[in-house]
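Topology and contacts: notes
Each chain, letter by letter, is given below.
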Amino acid sequence: MKPTETIRHDLRICMFDLYGTVVDMQGGLTQAVTPYLKAKDWPGEPSRLVTWWRRTHFENSMIDALLDRTHIPYREIGHISLSYTLERAGVAHTRQEVERLVAEIERLQPFPDVVEALARLKKKYRLVILSNGDPDMLEAIRPHLGIEFDQVISVAVAGRFKPHAATYRKAAEIVATRPEEILFVANHAFDCVGAKAAGMRAAFVDRRKRPFGGWPYQPDLVVADFRELADLIG
């Protein structure tokens, strides 16, 4: 059988990263910070500041995962990361302002291709989210997703941020499915690498037209968006 036929034959669950894969994190946060930065008379490009913020958040999440101490909530990592980013950019800010901007993550909207494609996939597979977000943050965003997922799982249950192997293993345990019967879908290469290393299949949603890299854990599918994913396996 061809790779896509094998996946369709074996697959029971489509498991998705949320931030940046299902919902437009870069666009949504840029929209949120633009009036804030304008009011601060910051002369820079808001989307660049959001990129700094997200990269800092990722780095801090990895630090937390490696410390092997009590898991710091995603929201608090967000506060630490945005405050640091604003300080580096020379933007005077308060804790309250930082908390308000980080809360915008709970209102992010799906990419335009997502809802219709997920509706097609839902006819054949169970749809699950595995996210670095805190449980309450994931509950808050559910009404904005445009479709009901069968399960929404926070990495807090494993006490580690993705791509720690414990997160994918715990998710497979929760959905009571063998890892090889799960297709993990992400816009981030690191997430696909983590899922593959944990025994899952992986689909890389290459929205940003970037190379995946020479990892030994290559994705089973590379698609431009959710529509192409649904066309291939739905």
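This text follows the structure it describes.
Residues numbered from 1 in each chain as written. Predicted model: local features only at pLDDT ≥ 70, side-chain atom pairs only at ≥ 80, totals over all residues. Heavy atoms only, no water.

**Details of the overall build of the chain**
Summing up its helical and strand segments, the chain has ten helices and six strands in all. The C-alpha radius of gyration of the chain comes to 18 Å, within 12% of the 17 Å expected for a compact globule of 234 residues. Its C-alpha atoms give the chain principal-axis dimensions of roughly 60 × 40 × 35 Å. The proportion of buried residues among the 234 residues of the chain is 50%. Partitioning the intrachain contacts of the chain with sequence separation of at least 6 by distance along the chain shows that 63% fall at a separation of at least 24. (Helix = DSSP H or I, 4+ residues; strand = E, 2+ residues; numbered from the N terminus. Rg over C-alpha atoms; globule rule 2.2 N^0.38 Å. Buried < 20%, exposed > 50% of the residue type's maximum accessible area, 1.4 Å probe, protein only. Contact = heavy atoms within 4.5 Å.)

**Focus on the environment of A203**
Relative to the helices and strands, A203 resides in strand β5 (residues 201–205). If we ignore the near neighbours within four places in the chain, the residues touching A203 are L183, F184, V185, A186, C192, L221 and L229.

**Focus: helix α9 (residues 189–197)**
Residues of α9 that are buried: A189, D191, C192, V193, G194 and A195. Backbone geometry just downstream of α9 places G199 in the positive-phi region, at approximately 100°.

**Some details on the pattern of salt bridges**
Within the structure shown, the criterion is met by 22 salt bridges. Taking the shortest distance from any N to any O, the salt bridge between R12 and E181 comes out at 3.4 Å. Here R12, found in the loop between α1 (3–10) and β1 (13–16), pairs with E181, found in the loop between α8 (165–174) and β4 (182–186); they are 169 residues apart in sequence, far enough to count as distant. A residue is classified by how much of its surface remains accessible, and E181, at 13% relative accessible area, is buried. Across the salt bridge formed by K122 and D150, the nearest N and O atoms sit 3.6 Å from each other. (Salt bridge = Lys/Arg side-chain N within 4 Å of Asp/Glu carboxyl O.)

**A few points about the packing of aromatic side chains**
Per the counting criterion, the structure on display carries eight aromatic pairs. Seen from their ring centres, W42 and W52 are 6.2 Å apart, and the 85° between their planes marks the pair as edge-to-face. One end of the pair, W42, is in the loop between α2 (25–39) and α3 (46–67); the other, W52, is in helix α3, with ten residues separating them in the sequence. Its relative accessible area of 39% is what places W52 among the partly exposed residues. Members of the aromatic cluster, each reached through a chain of ring pairs, are F16, F149 and F226. Above the ring of F111, the side-chain terminus of R207 is found at 3.8 Å from the ring centroid. (Phe/Tyr/Trp six-rings, centres within 6.5 Å; stacked < 30°, edge-to-face > 60°. Lys NZ or Arg CZ within 6 Å of the ring centre and 35° of its normal.)

**Observations regarding the nonpolar core**
Core analysis: the biggest nonpolar cluster contains 76 residues, and M15, F16, Y19, L229 and I233 have the highest contact counts within it. Once you skip the residues sitting within four places of it in the chain, Y19 turns out to touch M25, Y74, I105, L108, S131, G133, M137, L138, I141 and H188. (Core = buried A, V, L, I, M, F, W, Y, C linked by side-chain atoms within 4.5 Å.)

**What to know about the pairing of strand β3 (residues 151–154)**
Taken together, the four bridges between strand β2 (residues 126–131) and β3 define a ladder with parallel strand orientation. Within the sheet, the bridge partner assigned to V128 lies in β3 and is Q151. Handedness of the crossover joining β2 and β3 through helix α7 (residues 135–141): right-handed. (Pairing = 2+ DSSP bridges. Right-handed = clockwise from strand over helix to strand, strands pointing away.)

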